[in-house]
Amino acid sequence: MLGRVGVFDSGLGGLTVARELASRFPGIDLRYLGDTARLPYGAKSEDTITRYAVRCVRHLVEQGVDAVVVACNTASACALPALRETWPALPVWGVVEPGARAAVAATRTGRIGVIGTERTVLSESYPRAILALAPRAQVAALACPLLVPLVEAGWVDHPVTRLTVETYLGELFARAPELDTLVLGCTHYPVLKGVIGEVAARLCGRPLALVDSAEAITEALAPQIVESDRGTGPRRFAVTDMPSSFARVAATFWPESLPEVSHVDLTMD
Ligand code: DGL
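Owing to the predicted nature of the structure, the values given are computational and were not obtained by experimental measurement. (Residues numbered from 1 in each chain as written. Predicted model: local features only at pLDDT ≥ 70, side-chain atom pairs only at ≥ 80, totals over all residues. Heavy atoms only, no water.)

Student: Any chance you could explain the side chain of Arg-235 here in plain terms?
Tutor: On the secondary structure map, Arg-235 appears in strand β9 (residues 235-239). A polar side-chain atom of Arg-235 sits 3.2 Å from the main-chain carbonyl oxygen of Pro-26. Beyond its immediate chain neighbours, meaning those up to four positions away, Arg-235 contacts Ala-22, Pro-26, Ile-28, Leu-30 and Trp-254. (Helix = DSSP H or I, 4+ residues; strand = E, 2+ residues; numbered from the N terminus. Polar contact = N/O pair within 3.5 Å; in protein donor to acceptor, adjacent residues only side chain to side chain. Contact = heavy atoms within 4.5 Å.)

Student: How should the site of the ligand be read in this particular structure?
Tutor: The environment of the ligand is made up of 13 residues, and the closest members are Ser-10, Tyr-41, Gly-42, Thr-74 and Thr-187. Between the ligand and the protein, one listed contact pairs an oxygen atom with a backbone N or O atom of Tyr-41 at 2.7 Å. A distance of 2.6 Å separates an oxygen atom of the ligand from a polar side-chain atom of Thr-74. Within the complex, the protein chains bury 99% of what would otherwise be the 300 Å² of accessible surface of the ligand. Tallied by class, residues from the shell around the ligand come to five nonpolar, seven polar and one charged. (Near = heavy atom within 4 Å. Areas by Shrake-Rupley, 256 points an atom, 1.4 Å probe, with all protein chains shown as cover. Nonpolar A, V, L, I, M, F, W, Y, C, P; charged D, E, K, R; others polar.)

Student: Would you explain the pairing of strand β5 (residues 111-116) in this entry?
Tutor: For β5, the buried fraction is high: five of the six residues fall into the buried class. Relative to strand β6 (residues 138-143), β5 is paired through six bridges, and the arrangement is parallel. Paired with Arg-111 across the two strands is Gln-138, which belongs to β6. Of the pairings in the sheet, the one linking β5 to strand β7 (residues 181-185) comprises five bridges and is parallel in character. Within β7, the position partnered with Ile-112 by the bridge is Thr-181. (Buried < 20%, exposed > 50% of the residue type's maximum accessible area, 1.4 Å probe, protein only. Pairing = 2+ DSSP bridges.)

Student: What exactly am I supposed to notice about the sheet that holds β7 here?
Tutor: Backbone-to-backbone hydrogen bonds pair the strands of a sheet. The strands run either parallel or antiparallel. Sheet architecture is open: four strands sit in the order β6-β5-β7-β8, paired in parallel fashion. Two strands in the sheet have a free side with no partner beyond their single neighbour: β6 and β8 (209-212). Going from strand to strand, the sheet's axes swing by 20 degrees on average, the running direction of each strand aside. The pairing of β7 with β8 spans four bridges and is parallel. In the sheet register, Thr-181 faces β8, and the bridge partner there is Ala-209. (Axes fitted to C-alpha atoms, helices over the stretch in contact; angles between N-to-C directions.)

Student: Help me understand the packing of aromatic side chains, please; the structure alone is not making it clear to me.
Tutor: To describe a pair of aromatic rings, you give the distance between the ring centres and the angle between the ring planes. This model, assessed by the stated rule, comprises four aromatic pairs. For the ring pair Tyr-41 and Tyr-52, a centre distance of 5.7 Å and an interplane angle of 45 degrees mean the geometry is tilted. Placement of Tyr-41 in the loop between β2 (29-34) and α2 (46-62) and of Tyr-52 in helix α2 is noted, with a sequence separation of eleven residues between them. Overall, Tyr-41 belongs to the buried group, its relative accessible area being 1%. Plain terms: the ring middles of Phe-237 and Trp-254 are 5.4 Å apart, the flat faces sit at 85 degrees to each other, and that makes the pair edge-to-face. Taken together, the positions of Phe-237 in strand β9 and Trp-254 in the loop between α11 (246-253) and β10 (261-263) put the pair 17 residues apart, joining distant regions of the chain. Take Phe-237 and Trp-254: they sit in the same class, and that class is buried. Grouping aromatic residues by their ring pairs yields a cluster made of Phe-8, Tyr-41 and Tyr-52. Lying across the ring of Tyr-52, Arg-38 places its NZ or CZ 5.6 Å from the centre. (Phe/Tyr/Trp six-rings, centres within 6.5 Å; stacked < 30°, edge-to-face > 60°. Lys NZ or Arg CZ within 6 Å of the ring centre and 35° of its normal.)

Right, dumping it as structure tokens:
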């Protein structure tokens, strides 16, 4: 059973996961760390992402967390083995396995699409996790690198974002026309759920089941979370850089006012 839970992301997108955890378990003792100084992870190499992730999780371990949720899909895809090897006694969860499980539960046809960053798609971690659960499934994955900067710019309900989503999903459906489930394999995509759902339904002529990794990991952790019985649990948010756009970007992911956020300077040795 877990008391204090650390949530780690490459930046602020992981707030989608922290927010889901906090709303489902209001008493949870939460420590969030967003590596905004090194965002984005999605276009970087596996070695670099792993090095950053180990350093960030070390910071959370120093904060006394009992477990770590790697909210970042890219870090989940690349760094889990190194994190588990570095802290063998610490439960470390990524979002890929719960997302894969939710997709397998949702699909009727076994045709599953996955969208994510370049590194997440190159890692093939989602297809591997899905096929381990459902060997007859067919998985089509597509990198959608432009969606992260669009969400960070706050262009959620915006014609450029809609056109970009149409272009990406058009490419995905051309390759795999019979998809019935789509995994939103990036922290930023749940913010675009409305647009993605609408465009997908229009392009396919039927609604698609959308898998949100924030919901999937929260569901998977439910049996293990211990909440304080004194109302809202303690929450601390830290980031490794506070750019001028910080407040606006944070509000995209946590629209109810986010509690105070501190800055930590992490050297990367
Ligand atoms: N957090 C990353 C993910 O979920 C997206 C942003 C980035 O590229 O760092 O894959």
